[in-house]
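What follows is each chain in one-letter form.
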Amino acid sequence: MSHYRRRAGLCAPLFLHVTLRVMMGVALLQFALCGRAQAPAPLPANAQANSNTVLLPDRGNVTVLKVDDQLRVGKPINDGEALTFTSSDSINGTVDRDMHLKGRAQIRRNGGVIKADEITYNPDTDVADLLGNAELSKGNVTFKGPKGTFKVDAREGSMEPAAYELRDNGGNGTAKKLTIENADVFVFDKATYTTCTPQNMDWYFSASTIEIDNEQKEMVGTHGVMRFFDVPIAYVPYFTAPTGGQRRSGLLAPVAGYNSNNGLDITQPYYVNIAPNRDLLLLPRYMNHRGAMLGAQYRYLDTLYSGTAMGEYMSYDKKTGTSRWKYDFQQRQVFSGGTGPGGIPMPGSWSGYANIARVSDNLYPTDFSQSIAGAVTSQFRQEVGTTKGLTGSLSNWMVSARALTFQTLQPDPTNIVQAPYNVLPNITAAYNNRLTPAVADTSGKYVTLPTGPATTFSADYTRFSYNIAGNLSSTAPGVYSQADRTVIKGAMALPQVTPGYYITPKVSFQSNMYNATPFVTGGAPVAQGFTIPTFSLDSALAFERDASELKGFFGRDMLLTMEPRAFYVYTPYQSQAQTPIFDTADAGFGVSQIFSENTFIGNDRIADANAATLGLTSRMIEANTGSERASVTLAQKQQFAGQRVGLNGTILNPTTYSDTLGSGSVRLLGNFSADVFGQYNTQLNRFVQTTIGGSWRPTQGRSLNFGYRNVWSPPVQASVQNNQTFVPASTTTDQYNISGQWPITREISVLGRWGYDALTTKTLNTLVALEWNRDCWTFRGAYSQVLNTSQITTTQVLFQVEFKGFGSAGSNPVDIMKLNVPGYMPTSKPIPPSTYENYQ
C-alpha cells in the first residue's frame with residue numbers, strides 16, 4: 001500500500017499590525033508581594049519508600065528547598081496562592097510590625113523580584129521602602145533606581161528616578177518618575193525610549209507623560225518628540241498606541257519617495273479598526289507633478305466568506321488633464337457545505353468567487369504603480385464564478401460556471417498586445433472516480449493512495465465574444481464576434497506505482513463542436529470541429545547506490561541515483577486548419593513538455609503524434625538529510641511520423657527530427673549553485689533555448705548572481721481566422737543580468753543589479769542601493785531605473801530609516817531589493833529572548 005505524509009499548512013493573520021512599540025511589555029510588571037513568608041502544610045509521609053528515596057530530617061513547619069537538576073517552566077500560579085521568599089545578609093525586626101533586610105536584600109514572589117541594598121517593610125502601612133540600588137523585575141522587564149516605595153497588597157508604588165529595560169525588543173530608557181497607580185496602570189514622567197545602547201544613543205523618543213493601561217491594552221502620551229542624532233525630526237502633541245498585538249485606529253508611518261514620472265510622491269496612511277474581522281486603510285497620496293489622489297482598501301473576513309475592496313481616484317491629473325482611477329474587488333464565499341482547515345471548501349460544498357479589477361486608461365499602471373510587477377501589468381480581469389460538488393451517488397461529480405471579460409491595455413504603441421476573447425459564460429461538468437478524499441490511517445499521519453483505474457470525464461460549454469465593431473483592429477483575437485464551443489473529454493488510466501518503478505497506460509479522447517459567427521458574413525470559413533483519440537504509455541525506473549567516491553568531494557555520505565524514463569504517445573492526424581483558436585497556445589518545449597501527450601495548451605488543438613521520448617535523470621543526494629546536491633537530465637523525442645497539426649494551420653513539410661533537451665543543477669557546500677538548461681536543434685545545428693544562472697552566497701548578506709537567457713523562435717504561420725500575420729523566425733530574447741549584495745564595512749552593504757538586452761542594445765533595469773545597519777537603526781536607500789515600454793523609462797529614488805523596535809519612516813525599498821537581487825536578506829529581526837535569559 002502506498003502512503004503520503006500529510007503536510008501542514010500556514011495561516012496568515014488578516015489584520016494589520018499597527019503599534020509604536022513604545023515600552024512594550026511594561027504592563028507585565030505586576031507585583032503582589034506579601035509582607036510575611038508562610039510555609040505550607042507538612043508534606044505527607046512517603047508510604048512506599050525505596051532505595052532511591054532520600055529521607056529529609058523533620059524540620060517542623062518549614063518548606064525545604066531543593067536544587068533542581070535543570071531549569072524548568074512551571075505552571076502559572078495565582079498571586080494569592082504563591083509563596084514569598086526573602087534573602088539578605090542580615091534580617092531583623094519585630095513580628096507583625098516591621099522587617100529590615102540589609103545587604104543584598106531580595107524579596108521574591110511568583111516570578112517577580114525586588115532587590116535593594118536595604119528593604120524595610122511595615123505591615124501596618126503595607127509599605128516597602130527600597131534604599132540603594134533598587135531594582136524591580138518580572139519576566140523580561142526590569143526597573144532600576146536609587147530608591148523606591150511600594151504598597152505591596154495595594155500594588156501601588158513609585159520610583160524616582162527610574163531606568164528601565166525591555167528585553168523582548170531591546171528597548172530601554174529613563175523616567176524622572178515612575179508611578180504605579182495599581183496593578184494595571186503605570187505612569188512615566190519625563191520619559192525616554194530607545195533601542196540603542198547607552199554608549200551609542202543615536203536616536204530616542206521622549207515624552208512629557210506616558211500612561212500605560214494594561215487592562216485597556218493602551219498607551220497614551222503627550223508632547224512626544226523623536227530625536228535622531230540629537231536633532232528633533234518629529235513632534236506629536238498627543239498620541240495613543242496599543243501595547244500589544246491588537247489593532248488600533250490611527251496614523252501609520254508616512255511613505256515618501258521620488259519618481260521621474262510623478263516627482264515627489266508622499267502617502268500618509270490612516271488605519272481604521274472597524275471590527276475584529278473588518279478594517280479600512282485610507283491612503284491619501286500627493287504627487288507634485290500630477291496632483292492629489294485618494295485611495296482606500298477595505299478588508300473583511302468571516303466564517304464563510306472573505307474579501308477585499310480597494311480603489312484609487314484622482315480627480316485631475318496635471319500631466320494628462322483627465323481624471324484617473326482604479327478599482328479592484330475580490331471575494332471568496334461558501335454558500336453551503338462549510339469549510340475545512342485553511343478555509344478550503346468541504347467536499348460537496350457550494351462556493352463562489354469574484355475577481356473584478358479595472359483602470360481608467362492604458363498608462364495607469366505605468367504611472368501610478370508602486371511596484372515593478374504592477375507597472376508592467378497589461379491586462380485586468382473581471383471574473384465571477386461558482387463551483388458545486390455533488391453529493392450522494394454523484395459525489396464524484398463537480399459542476400462549475402463562470403463569466404470572464406478582459407481589459408487589455410496598450411501602453412506601448414510599438415508593441416501591440418492582442419486581446420483575448422471574453423468568456424460569457426463557461427459551464428463545466430467533470431467526473432473523477434478519485435475525487436472522494438483519501439482516508440487517513442489511525443495515526444492521522446498518513447493517507448492511503450487510491451488504487452485501480454483512474455477515470456475522468458468532462459463536458460465543457462463556452463460562449464466566446466469580442467466587440468470587433470466596424471473594423472478588425474490588430475488587437476482583436478480573431479475574426480469572430482461570437483462563437484459557441486462544446487468540448488467533451490474522457491480518459492482512463494491504470495497507474496501501477498511502486499518505490500522502484502511506475503508504469504501508466506492511458507487512453508483518452510476529445511471531441512470539439514463549434515458554432516462561430518464572423519463579424520463579416522463570409523469573412524471566414526465555417527468553423528470545423530473534430531473527435532480525436534489518444535493512447536499513451538508512461539514508465540520509469542529508479543535506481544540508487546552508495547557513492548563513496550563522492551564523499552571526498554562533498555565531505556559526507558552520498559547517494560547516486562539513475563532514473564530512466566520512457567514515454568510513448570500515439571494520436572492520429574486530423575486536419576484542424578479550419579478550427580479557430582480561442583484559448584490555445586503552444587505549450588513550449590521543456591523537460592516537462594517533452595513528456596506530454598499534446599504540444600498545445602488549451603482546448604482548440606490536438607497535435608497528431610507517433611513518437612517515443614527517452615529521458616535519463618541522475619541525482620546526487622545526501623544520504624543523511626535527503627538534500628539534493630546535483631542533478632542532470634537529458635531527454636530526446638523520436639518522432640516516427642512528422643507532426644502536421646500547427647497552431648495556425650497545417651504544417652506543409654513536417655520533419656521527424658526532435659530537439660535534444662538537457663538541464664543540470666549543482667549545489668556545492670560552499671554555498672555556490674548553478675543551473676543550466678539547453679535545447680539543441682540538430683537540423684539547425686544550434687541551441688534554440690539557452691538559460692544559464694549561477695550564484696555564490698558565502699554568508700548571509702553576501703551574494704553574487706549571474707544570469708543569461710537566449711531564445712530563438714520558429715516562424716509563425718499567418719491565419720485569417722485568428723487575425724495572425726506571418727512572423728519570420730528570429731532570436732526573440734538575448735538578455736544578461738548581474739546582481740549582488742556585499743558589505744564594504746561592518747555596517748554598510750551595497751546592492752546592485754544591471755540587466756541588458758543585446759537585441760535592442762538597451763539597459764532593461766538598473767538598481768544601486770545601500771544599506772547602513774547600526775545596532776538600533778537601519779538606513780536603506782535605492783536608485784532604480786526600469787524600461788517599462790520602448791518609450792517610457794521610470795526612475796525611482798527610495799529611502800527609509802528603520803528605528804528598530806519602534807517604527808520606520810520613508811518609502812520601503814526592501815521589496816524592490818528582493819525582486820532585483822536574488823538572495824538579498826534585509827536586516828534580521830532580533831532573536832526573541834529566552835525565557836531563562838534573565839533567570840534569577
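Residues numbered from 1 in each chain as written. Predicted model: local features only at pLDDT ≥ 70, side-chain atom pairs only at ≥ 80, totals over all residues. Heavy atoms only, no water.

Colleague: Help me understand the environment of Ile107 in this model?
Modeller: Mapped onto the fold, Ile107 is located in strand β4 (residues 98-109). Owing to a relative accessible area of 8%, Ile107 belongs among the buried residues under this scheme. With 19 residues separating them along the chain, Ile107 and Ser88 place their C-alpha atoms 9.0 Å apart. (Helix = DSSP H or I, 4+ residues; strand = E, 2+ residues; numbered from the N terminus. Buried < 20%, exposed > 50% of the residue type's maximum accessible area, 1.4 Å probe, protein only.)

Colleague: Help me out: how do you make sense of the packing of aromatic side chains in this one?
Modeller: Any pair of aromatic rings gets described here by the distance separating the centres and the angle formed by the planes. Evaluated as defined, the whole model comprises 28 aromatic pairs. For the ring pair Trp397 and Phe457, a centre distance of 6.3 Å and an interplane angle of 70 degrees mean the geometry is edge-to-face. With Trp397 in strand β25 (residues 397-408) and Phe457 in strand β28 (residues 454-465), the pair connects residues that are 60 residues apart, well separated along the chain. Judged by relative accessible area, which is 31%, Phe457 ranks as partly exposed. Ring pairing ties together the aromatic residues Tyr193, Trp203, Phe228, Phe229, Trp772, Trp777 and Phe803, which thus form one cluster. Here the guanidinium or amino end of Arg644 rests over the ring plane of Tyr573, the centre of that ring lying 3.9 Å away. (Phe/Tyr/Trp six-rings, centres within 6.5 Å; stacked < 30°, edge-to-face > 60°. Lys NZ or Arg CZ within 6 Å of the ring centre and 35° of its normal.)

Colleague: Could you clarify how one ought to interpret the pattern of salt bridges in this entry?
Modeller: Any two side chains of opposite charge can pair, given that their charged atoms come close. All told, the structure shown has 27 salt bridges when counted by the stated rule. Note that Glu771 and Arg780 form a salt bridge whose closest N and O atoms lie 2.8 Å from each other. Owing to a relative accessible area of 6%, Glu771 belongs among the buried residues under this scheme. Among the residues examined, Arg780 registers a relative accessible area of 3% and is labelled buried. (Salt bridge = Lys/Arg side-chain N within 4 Å of Asp/Glu carboxyl O.)

Colleague: In this structure, what is going on with unusual backbone geometry? I would like to understand it.
Modeller: For residues that are not glycine, phi is negative in most cases, and the peptide bond is trans in most cases. Each neighbour pair has its own omega, and for Glu160 with Pro161 the value is -15 degrees, a cis peptide bond. Here Pro161 shows up in the loop between β8 (156-159) and β9 (162-166). The residue after Leu424, namely Pro425, is reached through a cis peptide bond having omega -5 degrees. Within the secondary structure layout, Pro425 lies in strand β26 (residues 422-432).

Colleague: Could you clarify how one ought to interpret the side chain of Asp608 in this entry?
Modeller: Positionally, Asp608 belongs in the loop between β36 (600-601) and β37 (609-622). Arg644 provides the closest opposite charge to the buried, salt-bridge-free Asp608, at an N-O distance of 5.6 Å. A polar side-chain atom of Asp608 sits 3.1 Å from the main-chain amide nitrogen of Arg644. Engagement of the side chain of Asp608 in a polar contact is seen with the backbone nitrogen of Val645, the distance being 3.1 Å. Beyond its immediate stretch of four places on either side in the chain, Asp608 contacts Thr571, Pro572, Tyr573, Gly642, Gln643, Arg644 and Val645. (Lys, Arg positive; Asp, Glu negative; His and termini not counted. Polar contact = N/O pair within 3.5 Å; in protein donor to acceptor, adjacent residues only side chain to side chain. Contact = heavy atoms within 4.5 Å.)

Colleague: Before we go on, may I ask you to explain the nonpolar core in this structure?
Modeller: What tends to happen in soluble globular proteins is that the nonpolar side chains get buried as a cluster. Residues Ile119, Leu130, Phe143, Phe188, Trp203, Ile210 and Phe803 are the most contacted members of the largest nonpolar core, which totals 43 residues. Top contributing element to this core by residue count: strand β12 (residues 203-213), with five residues. With 19 residues, the next largest nonpolar core counts Tyr466, Ala483, Ala524 and Ile606 among its residues. (Core = buried A, V, L, I, M, F, W, Y, C linked by side-chain atoms within 4.5 Å.)

Colleague: Teacher, can you tell me more about a nonpolar patch on the surface here?
Modeller: Judged by side-chain polarity, Met492, Tyr501, Ile503, Val507, Phe535, Leu537, Leu541, Phe543, Met562, Tyr570 and Leu616 come together as a nonpolar surface patch covering roughly 950 Å² of accessible area. With respect to the secondary-structure elements, Met492 resides in strand β29 (residues 480-493). (Patch = residues over 30% accessible without salt bridge, like charges linked within 9 Å, V, L, I, M, F, W, Y side chains within 5 Å. Areas by Shrake-Rupley, 256 points an atom, 1.4 Å probe, with all protein chains shown as cover.)

Colleague: How do you make sense of the state of the cysteines when you look at a structure like this?
Modeller: In protein structure, a disulfide is the covalent linkage between the sulfur atoms of two cysteines. Throughout the structure, instances matching the rule amount to one disulfide. Residue Cys196 pairs covalently with Cys776 via a disulfide, S to S 1.9 Å. Here the disulfide of Cys196 and Cys776 is right-handed, its torsion about the S-S bond being about 70 degrees. One end of the pair, Cys196, is in the loop between β11 (185-193) and β12; the other, Cys776, is in the loop between β47 (762-773) and β48 (777-787), with 580 residues separating them in the sequence. Take Cys196 and Cys776: they sit in the same class, and that class is buried. (Disulfide = S-S within 2.5 Å.)

Colleague: How should the confidence of the model for the protein chain be read in this particular structure?
Modeller: One rule of thumb: low pLDDT means the predicted coordinates there are not for detailed reading. When pLDDT is averaged along the protein chain, the result is 83, and 85% of the positions lie at 70 or above. Here residues 1-59 is a poorly scored stretch, pLDDT under 50, and it has 120 contacts once near neighbours within four places are set aside; other chains count. (pLDDT = per-residue confidence, 0-100.)

Colleague: Got a minute to help me understand the pairing of strand β41 (residues 660-667) in this structure?
Modeller: Walk down a regular strand and you will see the side chains alternate between the two sheet faces. When strand β38 (residues 628-639) meets β41, the two strands line up antiparallel, connected through seven bridges. Bridge pairing in β41 places Ser631 opposite Ser665. For β41 and strand β42 (residues 672-681), the ladder comprises eight bridges, and the chain directions are antiparallel. Pairing of Ser663 across the sheet is with Phe677, part of β42. (Pairing = 2+ DSSP bridges.)

Colleague: What's the story with the pairing of strand β22 (residues 324-336) in this structure? I'm lost.
Modeller: The sheet contact formed by strand β21 (residues 305-314) and β22 spans 10 bridges and is antiparallel. Across the sheet, the residue bridging to Glu312 is Lys326, located in β22. Note that β22 and strand β23 (residues 350-359) share 10 bridges and pair antiparallel. Within β23, the position partnered with Gln331 by the bridge is Ala354.

Colleague: Can you help me understand the environment of Asn415 in this one?
Modeller: Position of Asn415 relative to the elements: it lies in the loop between β25 and β26. Considered as a pair, Asn415 and Ser790 are 375 residues apart in the sequence and their alpha carbons are 8.2 Å apart.

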